[in-house]
Amino acid sequence: MVDPLQITADEVNCLIHAYLKDSGFQHSAFVLRAESHLEHSPHFRKHVPRGELIELLSKALLFSEVEAHWRGDSMTLSCRNPFNILERHVCSAPQPAPQHSVASTLMADHVPNGGPSTQSQALPEGTLKRKTSDTTVLDEAPREKRAKTGSPIEVAVGVGSGPSVEPRRANVQPLSGGVDGTDGISESSTGKEIEAPTSALGEKEPEDSPVQLLKAHKAEVFVCAWNPVNRSTLASGSRDSVVHIWDIPSPDQNGDMHVQVEPPLTCAYPPKENQGDLTSLDWSPDGSLLAIGCYDSVLRVCDSSGKIYFMHSQHDKGPIFAARFSPAGKWLATASLDGSACIWDVQGKRLHRQYAVHRKCCLDVDWLSESEFATSGSDGLVHILQVDHPHPLKTFSGHKSEVNQLRANPSRTRIASCSDDKTARIWNIEDITHARPHGDEVLTLTGHKLQVSNLAWSPVTPTGEHELLLTTSFDQTARLWDSVTGQCLRVFHDHKSHVYNLAFRPDGLHFATVGGDGWLHVYDVQTRQKRWSYSTGKRGIFELSWQQFGNINRIAMALENRAVGIADLTRIPELQ
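Source: prediction; values computed, not measured. (Residues numbered from 1 in each chain as written. Predicted model: local features only at pLDDT ≥ 70, side-chain atom pairs only at ≥ 80, totals over all residues. Heavy atoms only, no water.)

**Looking at the overall build of the chain**
Next up, step 1: Assigned secondary structure in the chain consists of five helices and 37 strands.
Next up, step 2: In the chain, buried positions account for 52% of the 576 residues.
Next up, step 3: Taking the contacts inside the chain whose residues are at least 6 apart along the sequence as the reference set, 52% of them involve residues at least 24 apart.
Next up, step 4: Carbon and sulfur atoms make up 52% of the accessible area of the chain, which amounts to about 26100 Å² in all. (Helix = DSSP H or I, 4+ residues; strand = E, 2+ residues; numbered from the N terminus. Buried < 20%, exposed > 50% of the residue type's maximum accessible area, 1.4 Å probe, protein only. Contact = heavy atoms within 4.5 Å. Areas by Shrake-Rupley, 256 points an atom, 1.4 Å probe, with all protein chains shown as cover.)

**Here we look at empty space enclosed by the protein**
Next up, step 1: Tallied over the full model, the rule gives two cavities of 30 Å³ or more.
Next up, step 2: Quantified by volume, the largest cavity comes out at close to 40 Å³.
Next up, step 3: As for the largest cavity, its lining consists of Ser241, Val243, Cys267, Tyr269, Leu278, Ile292, Cys294 and Arg300.
Next up, step 4: In the lining of the largest cavity, the residues fall into six nonpolar, one polar and one charged.
Next up, step 5: In this structure, the second largest cavity occupies an estimated 30 Å³ of space.
Next up, step 6: Lining the second largest cavity are Leu15, Ala18, Tyr19, Asp22, Val48, Gly51, Glu52, Leu53 and Ile54.
Next up, step 7: Ranked by residue count, the leading element in the lining of the second largest cavity is helix α1 (residues 9-23), at four residues. (1 Å grid on protein atoms, 1.4 Å probe; cavity = no way out; pocket = protein on both sides within 12 Å on 5 of 7 lines; lining within 4 Å. Points joined across faces, edges and corners; volume = space filled by probe spheres on them. Nonpolar A, V, L, I, M, F, W, Y, C, P; charged D, E, K, R; others polar.)

**What about the sheet that holds strand β19 (residues 362-367)?**
Next up, step 1: Spatial ordering of the open sheet is given by β19-β20-β21-β22, a layout of four strands whose pairing is antiparallel. What marks the edges here is a single partner per strand, and that holds for β19 and β22 (394-396). Neighbour-to-neighbour, the strand axes of this sheet turn through a mean angle of 20 degrees, independent of strand direction.
Next up, step 2: Pairing of β19 with strand β20 (residues 372-377) involves five bridges; the strand directions are antiparallel. Residue pairing across strands places Val365 opposite Thr375, the latter belonging to β20. (Pairing = 2+ DSSP bridges. Axes fitted to C-alpha atoms, helices over the stretch in contact; angles between N-to-C directions.)

**Concerning the nonpolar core**
Next up, step 1: If you look at the biggest cluster of nonpolar residues, it comprises 20 residues, and the most contacted ones within it are Leu520, Val522, Trp532, Ile555, Met557 and Leu569.
Next up, step 2: Contributing elements (two or more residues each) for this core: β6 (211-215), β32 (510-515), β33 (519-524), β34 (529-535), β35 (541-549), β36 (552-559) and β37 (563-568).
Next up, step 3: Cys267, Leu278, Leu281 and Tyr500 belong to the second largest nonpolar core, which has 17 residues in total. (Core = buried A, V, L, I, M, F, W, Y, C linked by side-chain atoms within 4.5 Å.)

**A few points about the sheet that holds strand β15 (residues 320-325)**
Next up, step 1: A sheet is described by the order of its strands in space; here four strands give the open sequence β15-β16-β17-β18, paired in antiparallel fashion. Either end of the sheet is taken by a strand with one partner, and the two such strands are β15 and β18 (350-355). For this sheet, the mean inter-axis angle between neighbouring strands, taken without regard to orientation, is 20 degrees.
Next up, step 2: The sheet contact formed by strand β16 (residues 331-336) and strand β17 (residues 341-345) spans five bridges and is antiparallel. Within the sheet, the bridge partner assigned to Ala335 lies in β17 and is Ala341.

**Overview of the pattern of salt bridges**
A side chain of one charge can pair with a side chain of the opposite charge when the charged atoms of the two come close.
Next up, step 1: Here the structure, examined in full by the defined rule, presents ten salt bridges.
Next up, step 2: Connected through shared salt-bridge partners, Glu220, Arg239 and Asp277 make up one network. (Salt bridge = Lys/Arg side-chain N within 4 Å of Asp/Glu carboxyl O.)

**Structural notes on the packing of aromatic side chains**
Next up, step 1: Applying the stated criterion to the full structure yields 13 aromatic pairs.
Next up, step 2: Both rings, one in Phe492 and one in Tyr523, keep their centres 4.6 Å apart while their planes meet at 55 degrees; by these two values the pair is tilted. Taken together, the positions of Phe492 in strand β30 (residues 488-492) and Tyr523 in strand β33 put the pair 31 residues apart, joining distant regions of the chain.
Next up, step 3: Taking the relative accessible area as the measure of exposure, Phe492 reaches 4% and is therefore buried.
Next up, step 4: Ring centres of Phe511 and Tyr523 lie 5.0 Å apart, and the angle between their planes is 20 degrees; this geometry places the pair in the stacked category. Here Phe511, found in strand β32, pairs with Tyr523, found in strand β33; they are twelve residues apart in sequence, far enough to count as distant. (Phe/Tyr/Trp six-rings, centres within 6.5 Å; stacked < 30°, edge-to-face > 60°.)

**Brief notes about the pairing of β35**
Next up, step 1: Counted residue by residue, β35 has seven buried out of nine residues, so it is predominantly covered.
Next up, step 2: Pairing of β35 with β36 involves eight bridges; the strand directions are antiparallel. By the bridge assignment, Leu544 is partnered in β36 with Met557.

**Some thoughts on the confidence of the model for the chain**
Next up, step 1: Averaged over every residue, the pLDDT of the chain is 79; residues scoring 70 or more account for 76%.
Next up, step 2: This model gives residues 98-168 a pLDDT under 50, and the stretch forms 156 contacts once residues within four places in sequence are excluded.
Next up, step 3: Counted against residues more than four places away or in other chains, residues 171-183, with its pLDDT under 50, gives 33 contacts. (pLDDT = per-residue confidence, 0-100.)

**With respect to the environment of Leu61**
Next up, step 1: Tracing the sequence through the fold places Leu61 in helix α3 (residues 52-69).
Next up, step 2: Taking the relative accessible area as the measure of exposure, Leu61 reaches 3% and is therefore buried.
Next up, step 3: Placed 23 residues apart in sequence, Leu61 and Asn84 show a C-alpha to C-alpha distance of 9.1 Å.

**A word on α3**
Next up, step 1: Relative to the 26 Å expected for 18 residues at 1.5 Å per residue, α3 spans 26 Å between its end C-alpha atoms, a close match to the ideal helical length.
Next up, step 2: Residues of α3 that are buried include every one of Ile54, Ser58, Ala60, Leu61, Ser64, Ala68 and His69, and no others. For α3, the angular spread of buried residues about the axis comes to 165 degrees, placing them on one side. (Expected span 1.5 Å × (residues − 1). Arc of directions from axis to C-beta.)

**Observations regarding a nonpolar patch on the surface**
Next up, step 1: The grouping of Leu5, Ile7, Val12 and Ile16 at the surface amounts to a nonpolar patch, some 360 Å² of accessible area in total.
Next up, step 2: The topology assignment puts Ile16 in helix α1. (Patch = residues over 30% accessible without salt bridge, like charges linked within 9 Å, V, L, I, M, F, W, Y side chains within 5 Å.)

**Thoughts on the packing of α1 against α3**
Next up, step 1: Following both chains from N to C, one finds α1 and α3 inclined at 120 degrees, their axes separated by 8 Å at the closest point. The angle between α1 and α3 places the two elements in the oblique class. Every residue of α3 that contacts α1 at Leu15, Ile16 and Tyr19 is listed here: Glu52, Leu53, Ile54 and Leu56.
Next up, step 2: Residue composition of the contact of α1 with α3, grouped by class: six nonpolar, no polar and one charged. (Parallel < 35°, antiparallel > 145°, perpendicular 65-115°, else oblique.)

Below, the structure is given as structure tokens:
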């Protein structure tokens, strides 16, 4: 007879490996994979849902509660002591009086191994062997986007560009309901919640719905970006390395955004090493090319029709975390887990120079001019480099942990960086970009309780006012800062999970945040008040891209439920 319950060490290792990757413990995941030879496991390439280990532990905790509190034919509900994953549970409920039966009396002298007899003492609650979990039973497993440093295991990547795959039209499936069968919910600043019916692709939405959901991806959508020139073109990328290029029409003459959307072009290029998570999408300034960063370490650049322009595996030791075109589009910069940044000659379709400037991992890159750029890494450093110079022009130190992201302000006089050390810092670079003398003082922004994951400068600063900087953190908050004084102007506590991404409206009047709780919140910059919110349900929103021109004002969202959301903000009175 086959044992109905079998748990192998191999399966447990796969679960723990997935948990470590989801949590961002890249080195631990690498060691576990190497020592347990997971690449040879038949389970290694199976899809493990995010948070699966936590969900299984939660179910085990529920079983333990039943096991500890069962009283013959019913459950006792009077225990107030919690279960702790590392401590034995002591039940606070009244203990039942010991029952002495004839059978127990007869067996008193025949207890094996010299154990206590059932006649001499009743079994206490704590003697039962049980599995434990967190003190709070989770309603659902936490769903987190792969941390940028969360997968160092994609190191064995073959060199060579490989064959390209011609783009094809996606087989689009209509989305007839919200996330997990629930409708999305939108909320205005008044706090009133209304149902926001989701769209069936190619069908018209109810006229009162401000959000349209488009579904063609087969995996979680991680990234999205509007084309800067062809305003109806939107690119979205998912966990399975597939990029869709959508044609999203502008509102019709009646102002209705929900006109028919055609199936997207699909750019499907098989990833190497079964690691297809997309990390970055960036359009060239003229809108003709799309740079794609991926966990399989291969740089891909497509044209606006989805055909491959060029691809290269120079970063052969780890994922590409960022890919960004220079302001004029002559160069393309990439940042990788291999510790290097690469500059690519876009017209020549070749590597211009590779800069091995970070000890472990290069996490982000941003352009300061057409020839200068900045990088940040897991070594806590920020480097300023020049495309024709092999060594950094300047290095900023001060962060105590990984520098997750950096951005130059609109005037390219300062750089802001954010780190796992719970701070953001602002560095002056006028001596490099504008040849102006200045001091080397740094402004440190403190207040976040956990890692600071994202930041953005306000694109517009009124005359006479200080530039504003927005940061988000895994502490579930966003903070608005005065970038000159370092004063925190407001803390926003609306998210109930990690805040994944943020963006300012292009004219600087509003900003938005999205997170693992599935909520999009839009705020007024001047009043610093929430104006409108939208929820997908229980699944997260990983990224957003804000587009505004003419009478168009809309946000694209990359959703964990495998859809792309388009929020038409012109239909929301609170944002007018």
